[in-house]
Amino acid sequence: MDWTIEELARAARGTIVQHGAASRFGRISTDSRQVERDGVFVALRGELRDGHVFVSEAARRGGGCVVVQRNVAGPGPVSVIRVRDTLRALGDIAHFHRRRTAPRVLAITGSNGKTTTKEMLFSILQRARMEDRPLRGKVLKTEGNYNNLVGLPLTLLRLRGHERAAVVELGTNRPGEIRRLTAIADPDLALITSVAPAHLSGLRTLAGVAREKGAIFRGLDPQGTAVVNLDDHRVVRQSRAFRGRVVTYGTGGFVRGEDAEMLSGGRLRFNLRVGRMREPVRLRLCGMHNVRNAVGAAAMAHAFGADMAAIRTGLEAVRPVAMRMQVERWNGIGIINDAYNANPASMEAALAALKAIPGRGRRVAALGDMREMGANEAACHREVGEAAAASGLDTLYLLGRFARDTRQGALAAGMERAAVRVARSHRTLGRDLRAELRKGDWVLVKGSRGAAMEKVLAAMKDGGA
């Protein structure tokens, strides 16, 4: 959708300081390399780079308008809008656009399961109907990790006006972000998947995580709907102040998952109950925690108005997101690639999934560091070691700065010394796995994004060369 200079200035809460040749403007970008002809460049100030340095490049590429927070030399024959803060202006522009395109916005946050729940919900809505019209092709979703104060606005700015719904993910690593993201997205429905130790370097304590995640409910319009996970008491506590419609899920919830069972190959089967309605569901995903994610997505879809047929077929169509409990086979060995991210709760869930897979083969885990654990990072890694020991692993491989803390936790919980091994590098760990694993065995590979544990799998497959 096009913008006039007046619309942009009003949306950004800025002042027009220069009129350029173009009268209407197209795509909005924060990367000067992606600016299109008559597009808009918002010059953000980052920790490493200041976008104001690239204003002239944006103009050379054909941009028609730039949004700045300070004077820049020689911007060229483009329109210029001056604002107090370009990051805030980007969010304000996205909010304005969200209001004028008017989709129903479904927002998801939480310590674990955001992306998988988002993908499940999107798949359901693609098969649902709204006002007796199919929604396929009319649902926007967050792509990749576009869930922060830059990514969310860029996601909403992809709305073209034909969409009836938008499924967005809200992420945070410091206080105040969820409050601002909620204000930008202005959701009609909101869900917190869980509250667990994550991003503690910024949020400091578990109570801080809960307060931060709870901002999505505090920012939700009373005319909206809060979807509440009854199995997480911290989520329940954050929902209590909300005075609008509430849909519950989990044990004792209106939406429930019952009789869940792990199948061979890591897939799942369970019965989905929505009130008195019941549907059997088979998931192509691994880990009982994904039943919780599926039930959360189902609850949100039900609150939106999707029927049971759409919910079941949507859930069954979902495939694993890359490096998030992604199951594959290699030379007869089962691999759970969960290398995208990690915190103590997701580590425990992944270890439980490894343990629950049927089969006679050995169970091996290769775990990297968890990042952003704050002052308690050593203790958090010891707890993961204890969980690894409790999961009945045959061998535990560790890599990273906190590998010895994890090892200490595993040994203290009773794991044999010979079964806990600290590796020097991704390459040597991959080589060791290749030498040890046999047909029928299963290996879990997991760590925070900065640990880059996918390199271990690459080294294992190519022989550690």
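Right, let's walk through the structure included here.

### Considering the sheet that holds strand β20 (residues 333-338)
Strand order in this open sheet of six strands is β19-β20-β24-β21-β22-β23, and the pairing throughout is mixed. The open sheet has two edge strands, β19 (326-330) and β23 (420-422), and neither has a second partner. Sheet twist, expressed as the average angle between the axes of neighbouring strands with direction ignored, equals 20°. Bridge count between strand β21 (residues 363-367) and strand β22 (residues 395-398): four bridges; the pairing is parallel. If you follow Ala365 over to β22, its bridge partner there is Leu396. Against the sheet, helix α14 (residues 403-412) contacts β22 and β23, and its axis sits at roughly 170° relative to β23.

### Description of the pairing of strand β16 (residues 255-262)
Taken together, the six bridges between β16 and strand β17 (residues 268-274) define a ladder with antiparallel strand orientation. Across the sheet, residue Met262 finds its bridge partner in β17, namely Leu268. The loop that links β16 with its antiparallel partner β17 comprises five residues; one of these, Gly265, has a positive phi angle of about 85°.

### Description of the environment of Gly151
Tracing the sequence through the fold places Gly151 in helix α5 (residues 151-156). Classification of Gly151 as buried rests on a relative accessible area of 4%. The sequence separation of Gly151 and Gly91 amounts to 60 residues, and the corresponding C-alpha distance is 9.7 Å.

### A few points about helix α8 (residues 206-218)
Along its 13 residues, α8 runs 18 Å from first to last C-alpha, staying within 8% of the 18 Å computed at 1.5 Å per residue. Of all the residues in α8, the buried ones are Gly208, Val209, Ala210, Glu212, Lys213, Gly214, Ala215, Ile216 and Phe217. Looking at the buried side of α8, the elements it contacts are β8 (104-109), α6 (177-185), β13 (189-192), α7 (200-203), β14 (225-229) and α9 (233-239).

### With respect to the environment of Gln238
Looking at the element boundaries, Gln238 is found in helix α9. Along the backbone, Gln238 and Val228 are 10 residues apart, and their C-alpha atoms lie at a distance of 9.3 Å. For Gln238, the residues in contact, after removing those within four places along its chain, are Ala210, Arg211, Gly214, Phe217 and Arg218. At 3.1 Å, the side chain of Gln238 forms a polar contact with the side chain of Arg218.

### Thoughts on helix α13 (residues 377-390)
If you check α13, its first and last C-alpha atoms are 20 Å apart, about what 14 residues at 1.5 Å a residue would give, namely 20 Å. Within the sequence span of α13, burial applies to Cys380, His381, Val384, Gly385, Ala387, Ala388 and Ala389. Next to the buried residues of α13 lie α12 (344-356), β21, β22 and α14. Two residues or fewer after α13 comes Gly392, characterised by a positive phi angle close to 75°.

Criteria and cut-off values
- Residues numbered from 1 in each chain as written.
- Predicted model: local features only at pLDDT ≥ 70, side-chain atom pairs only at ≥ 80, totals over all residues.
- Heavy atoms only, no water.
- Pairing = 2+ DSSP bridges.
- Helix = DSSP H or I, 4+ residues; strand = E, 2+ residues; numbered from the N terminus.
- Axes fitted to C-alpha atoms, helices over the stretch in contact; angles between N-to-C directions.
- Contact = heavy atoms within 4.5 Å.
- Buried < 20%, exposed > 50% of the residue type's maximum accessible area, 1.4 Å probe, protein only.
- Expected span 1.5 Å × (residues − 1).
- Polar contact = N/O pair within 3.5 Å; in protein donor to acceptor, adjacent residues only side chain to side chain.

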